[in-house]
Amino acid sequence: MLLANRGFTNLFDDMFNDPFFNRTYDRSSSQIMKTDIHEKDGNYMVEMELPGYAKQDIKADLKDGYLTITAHKNETKEEKDARGNCIHKERYTGTCNRSFYVGEDLTQEDIKAAFSDGVLKLTFPKEIQKQEDQPKLITIE
């Protein structure tokens, strides 16, 4: 009797330990947006991996000295049998982002960005010459 109960319990334990039932997705930004930062020739070069994202899914924003990269994705996968009946359907909608403090003197014009083969590359100067406000002369007639 003990053996039968043990076997019955193991059957369900094994079933629920199957990867189908035990899916754990770690979709944190640091897992999806793997980032390398290099310094070369007085510039910082940021390379961020964004596999599966399209260029139009990615936004770079500079505000209050923080460079924020945001990637948003809507994805639906549907499998149908020969008669067109749905046998499997999954949906994913999500947004991930990462922010880096780059200094308040950096402007949008200082940052060069390119996206190719799932990698976002950003380049900007390490040090920015602070622009002194030039006096604006008023013409006196």
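Above this text you will find the structure in question.
Residues numbered from 1 in each chain as written. Predicted model: local features only at pLDDT ≥ 70, side-chain atom pairs only at ≥ 80, totals over all residues. Heavy atoms only, no water.

Undergrad: What am I meant to see in the packing of aromatic side chains here?
TA: Think of a pair of aromatic rings as described by two things: how far the centres are apart, and how the planes are tilted against each other in angle. Per the counting criterion, the structure on display carries 2 aromatic pairs. Pairing Tyr-44 with Phe-124 gives two aromatic rings, centres 5.9 Å apart and planes at 55 degrees, and the pair type is tilted. One end of the pair, Tyr-44, is in strand S2 (residues 43–49); the other, Phe-124, is in strand S7 (residues 119–125), with 80 residues separating them in the sequence. Under the relative-accessibility criterion, Phe-124 is labelled buried at 6%. Aromatic pair Tyr-66 and Tyr-101: ring centres 5.0 Å apart, planes at 70 degrees, arrangement edge-to-face. A residue pair is termed long-range when its members are at least 10 positions apart, and Tyr-66 in strand S4 (residues 66–80) and Tyr-101 in strand S5 (residues 86–101) qualify at 35 residues. Tyr-66 gets classed as partly exposed once you look at its relative accessible area, which sits at 41%. Note that Lys-73 overlies the ring of Tyr-53, its terminal NZ or CZ placed 5.0 Å from the centroid. (Phe/Tyr/Trp six-rings, centres within 6.5 Å; stacked < 30°, edge-to-face > 60°. Helix = DSSP H or I, 4+ residues; strand = E, 2+ residues; numbered from the N terminus. Buried < 20%, exposed > 50% of the residue type's maximum accessible area, 1.4 Å probe, protein only. Lys NZ or Arg CZ within 6 Å of the ring centre and 35° of its normal.)

Undergrad: How should I be thinking about the pattern of salt bridges in this particular structure?
TA: A side chain with one charge can pair with a side chain of the opposite charge if their charged atoms come near. Across all of its chains, the model carries 3 salt bridges by this definition. A salt bridge links Lys-80 to Glu-78; its shortest N-O distance comes to 3.4 Å. Relative accessible area serves as the criterion here: at 38%, Glu-78 is assigned to the partly exposed category. (Salt bridge = Lys/Arg side-chain N within 4 Å of Asp/Glu carboxyl O.)

Undergrad: Please explain the sheet that holds strand S3 (residues 58–63) as it appears in this structure.
TA: Pairing between the strands of a sheet comes from backbone hydrogen bonds, and it takes one of two forms, parallel or antiparallel. Taken in spatial order, the 3 strands make up an open sheet running S3-S4-S5, and their pairing is antiparallel. Strands at the two margins of the open sheet, each flanked by one partner only, are S3 and S5. Strand-to-strand twist in this sheet, taken as the mean axis angle between neighbours without regard to direction, amounts to 10 degrees. Where S3 lies against S4, 6 bridges are found, and the strand directions are antiparallel. Bridge assignment links Ala-60 to a residue of S4, and that residue is Ile-69. (Pairing = 2+ DSSP bridges. Axes fitted to C-alpha atoms, helices over the stretch in contact; angles between N-to-C directions.)

Undergrad: Help me understand the sheet that holds strand S1 (residues 35–40), please; the structure alone is not making it clear to me.
TA: Here 4 strands make up an open sheet; going across it, the order is S1-S2-S7-S6 and the pairing antiparallel. Bordering the open sheet on either side are S1 and strand S6 (112–116), each of which pairs with just one other strand. The average undirected angle you get between the axes of adjacent strands in this sheet is 15 degrees. Direction of pairing for S6 relative to S7: antiparallel, over a ladder of 5 bridges. Residue Ala-113 lies in a different strand from S7, and its bridge partner there is Leu-122.

All we've got here are geometric facts, nothing functional implied.
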